[in-house]
Every structure is written in C-alpha cells, then in structure tokens.
Amino acid sequence: MNPNRKRLTLALSLMGGMLFISSIFALHGALLTSIIRHFHLESSAQGLPSSLAFAGSCAALVMSFAVIGRVSRPTMLKCASGACAAMLAILSFAPTFATYLIAWLLVGVALGFMDTLLSSTMATLYSGKMATRMMCTMHMLYGVGSMLFPPAYAFLMRSGIAWNRIYLFTAGLGALICLAFTVFARGAGEILPKNEPEFSFPLLKTLLKNGVLPLLMIANFCNGVFMGGATTWLNRYVELRFDVSLGDLALSFLFLGVLASRLLLPMTPIDPKNYLIGAGPLAFIAFLFVILIPSRIVTCVGISLAGLILGAMIPCMLDFGCSTFPENTLMITTPMFLAYYIGQTLGSPAVGFLESHISLAFGVGTCAAFLVVNSFFCLLAARRQRNQQYIK
C-alpha cells in the first residue's frame, strides 16, 4: 500500500474514532432523566457521572505526558478504544451507583487518551489548508454522531429497550473501532514521525513561555464549560420547558448546526482566527433568544443557529495551536484537551447547582456566556502570534 493510501485509511479510522466518542458523550444527555430516576439523584449529584468521566479524561491527559514519545500512537488508540468498550459493557448491567461512577471514571480516562490522539495524529498526517479541512471533517463526524445518536437512543428506549441496555450498542461500536485501529494502523510508522519528542518539563516550559498555548488553553477551558453544561443539560432544559419529544431532539438541533459549521467553514474564505474571535459572542446571542423567548420555533431555530456559529471552534483552536508548533502536535493538543476537559468537568455540576438555587435557564445561559470569554482569549492568542511574527 502506497503512503497516500495508508495516510487515507488511517485518517478514516481516526474519523471512526471521533464518531465513537460522540456516541459516548451523547449518552449523558439522552439517558440523564432515566439515570436521575433510577438512582434518585438530586442537585449537583445529577451531573456527577458525566463530571467523573471528564475528570477521568483530565487524569488521562496528565498521564499521557509520561507516554508521549515512548508508546506508539496506534497502540494507545487500540488500548483506549478497547477499554471504552469494556467499561460500557459493564455499565449495561446497571450496577450500584458507586460502581457506575467508577466505570464512568474509567471510560473518561480512555476517552482522554483517544481525544488528544485523534486530533494530534490528524494534524501530523496533514498540513496547511488540508490539515484544517481534515480536522474539520473529523470533528464534523462528532457533530453527525451527536445529532443522530440522541434520537436513536430515544427510539430504542421507546421501543421497550431498558435504558441501561443502550450501553451495549455503544460498546459494540467501540469494539469495531478497536478492530479498525488494529487493522488500518498497520504500517503507520511509515507515515507518522519515528522520533517523536518525548515529554520533558523544559520543552513544556518553552511551549508555555511562547504565550499562545496558555491563551488557547484558557479558551478551550471556556469551551469545555459550555459543552459540559450543554451536552448534559440542554435536552432536559427543553424537555421541562416544552415536552419530552422536543427535549429528545434538542441536542440534535445543536449538533445539526455543528455539523454544518464544520462542513462549510473550510469551503469559505473566512480566516479561522477571525472566525474564532466572532463566533463566541454571536453564539451567546443565539442562546439568549432561546432562553428569553418561550417559543418552540425560536428554540429549534436558535439552538441550530448557535450550533452553526460555534461548531467549528474546537477544530479551529486545535489547528491554530498545532500550526503554531507543527513539530510538537501531541505536546500541544494534550494540554489544550486537558483544559477543555477540566471545563467540562465543572460545567455539568455547575448547571445542576444553578438549577437548584436559581433556575435551569440561568444555568444554561451562564454556560453560553463562557463562549464570549472563549473568543476573547482567542483574540489575545491571535494578537500574540501576530506580534511574534512581526518581531521575527
């Protein structure tokens, strides 16, 4: 197989991995009401499973510093996807709440490794405009999965399948992805760097001292707060405000816009950095319309529009960081995802706390406000990079 063919098959397996990740994150919102009823959860405990998953991802990203340059990327991808499938199979037995939380924590650990590896490997396979296009395409599949999986899970439960058995379907997908990494990653050493820099504190200090990476980490943290709150609570917010049938579709409306954003942005002449600066405030305004106007049509259109506006922010931020340090893509994506998952860890219980003490609408609106802060730090990062290029 020639190098271009190997590169394409590996890229396709990475895209499959992103689809699998979306199927897992979709479980939080789709099954939240059933989980609350089954375990009799109240207040911030309602967001505890998803928060522990994000905490596990943070732990994985810290641990990944120890294996960067020591364990091959294909090996880590196979182990992570296989571990996800195994833990999801355990969740299907509806264990005690303590075991349930531990299983979600371990799922999060595996997801943390997968998420940073998928993006850093794609950034290594391609460069320039092609890197932006492939990164957006891969993350577009996250939008496809996040749009299709919630109604698919709802349909399965309406068909009489117990909520906990939904985990088996996702576990099966994980097993297939693990098999794909095993098959398609053969010979990846010919197209991936053979002497990837190992982690060292001096190298990390150099990358942080540059100034661009810390700003992008803060921006990713803010995006994580929004995504952690929205993916867990948006369905429930719409369900309580209108009805269950519309609530089941809320995340699908959001990720329909996300899908379109990641598909269309690479085809436009819009500079990704300018997009990052303007997307946050515009998406926040769209969410304000959703919260302030009690209309089904406004809710559906507003959520879809917000998704369209903010959808490409994550892949564009990752591409921004990787293009700034192209020789250290894994060292760049790892701290960026660490910041993102810390934000997601805090986002879900924060909304649960605000729901208990103020209102769910206020909680959702507060999460959306973090998108404005996200864009502000992207603006600072772009100016920092521009100043450095000017000095050079």
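This paragraph deals with helix α7 (residues 201–209). Inspection of α7 places Leu203, Leu204 and Leu207 among the buried residues, and these make up the whole buried set. The arc enclosing the buried residues of α7, seen along the axis, measures out at 100°, which places them on a common side. Set apart from the buried face of α7 by more than 90 degrees, the exposed residues are Phe201, Pro202, Lys205, Thr206 and Lys209. On the buried face of α7, the contacting elements are α8 (212–241) and α13 (329–357). Count one or two residues on from α7 and you reach Gly211, which has phi positive near 100°.

Let's shift gears to the packing of aromatic side chains. Counted according to the given criterion, the structure contains 16 aromatic pairs. A centroid spacing of 6.2 Å and a plane angle of 55° characterise the contact between Phe25 and Tyr142, whose relative ring orientation is tilted. On the criterion of sequence distance, the pair formed by Phe25 in helix α1 (residues 3–39) and Tyr142 in helix α5 (residues 128–158) is long-range, its members being 117 residues apart. Pairing Trp163 with Tyr167 gives two aromatic rings, centres 6.3 Å apart and planes at 75°, and the pair type is edge-to-face.

Here we take up the environment of Asn274. Along the chain, Asn274 falls in helix α10 (residues 272–292). For Asn274, a relative accessible area of 52% corresponds to the exposed category. Taking the C-alpha atoms as reference points, Asn274 and Cys378, separated by 104 residues in sequence, lie 9.0 Å from one another.

A few words on the nonpolar core. The biggest cluster of nonpolar side chains holds 126 residues, and the ones touching the most others in it are Trp104, Leu118, Tyr167, Phe226 and Leu310. The leading source of residues in this core is α1, at 17 residues.

The end-to-end C-alpha distance of α8, which contains 30 residues, comes to 41 Å, matching closely the 44 Å that a straight helix rising 1.5 Å per residue would cover. In the structure, α8 departs most strongly from a straight axis at Trp233, where the bend amounts to approximately 50°. Here α8 lies mainly inside the structure; 24 of its 30 residues are buried.

Now for the side chain of Ser375. Looking at where Ser375 falls in the secondary structure, it is placed in helix α14 (residues 360–391). Accessibility expressed as a relative area gives 2% for Ser375, which makes it buried. With residues up to four places along the chain from it excluded, the contact list for Ser375 reads Leu276, Ile277, Gly278, Ala279, Gly280, Pro281 and Met313.

Another point: the side chain of Thr116. When you line up the elements, Thr116 lands in helix α4 (residues 97–125). By relative accessible area, which is 1% here, Thr116 ends up buried. Not counting chain neighbours up to four residues away, the residues in contact with Thr116 comprise Leu61, Leu330, Thr333, Thr334 and Phe337.

Below, the discussion takes up empty space enclosed by the protein. Under the criterion given, the structure shown has four cavities of 30 Å³ or more. Reported here for the largest cavity is a volume of approximately 110 Å³. Looking at the largest cavity, the residues that line it are Met18, Ile21, Phe25, Asp115, His139, Tyr142, Met227, Arg262, Ile314, Phe337 and Tyr340. Counting only elements with at least two residues in the lining of the largest cavity, the list comes to α1, α5 and α13. The dominant element in the lining of the largest cavity, judged by the number of residues it contributes, is α1, at three residues. When the residues that make up the lining of the largest cavity are grouped by side-chain class, the tally is eight nonpolar, one polar and two charged.

Criteria and thresholds
Residues numbered from 1 in each chain as written. Predicted model: local features only at pLDDT ≥ 70, side-chain atom pairs only at ≥ 80, totals over all residues. Heavy atoms only, no water. Buried < 20%, exposed > 50% of the residue type's maximum accessible area, 1.4 Å probe, protein only. Helix = DSSP H or I, 4+ residues; strand = E, 2+ residues; numbered from the N terminus. Arc of directions from axis to C-beta. Contact = heavy atoms within 4.5 Å. Phe/Tyr/Trp six-rings, centres within 6.5 Å; stacked < 30°, edge-to-face > 60°. Core = buried A, V, L, I, M, F, W, Y, C linked by side-chain atoms within 4.5 Å. Expected span 1.5 Å × (residues − 1). Bend = angle between axes of the 7 residues up to and from the residue. 1 Å grid on protein atoms, 1.4 Å probe; cavity = no way out; pocket = protein on both sides within 12 Å on 5 of 7 lines; lining within 4 Å. Points joined across faces, edges and corners; volume = space filled by probe spheres on them. Nonpolar A, V, L, I, M, F, W, Y, C, P; charged D, E, K, R; others polar.

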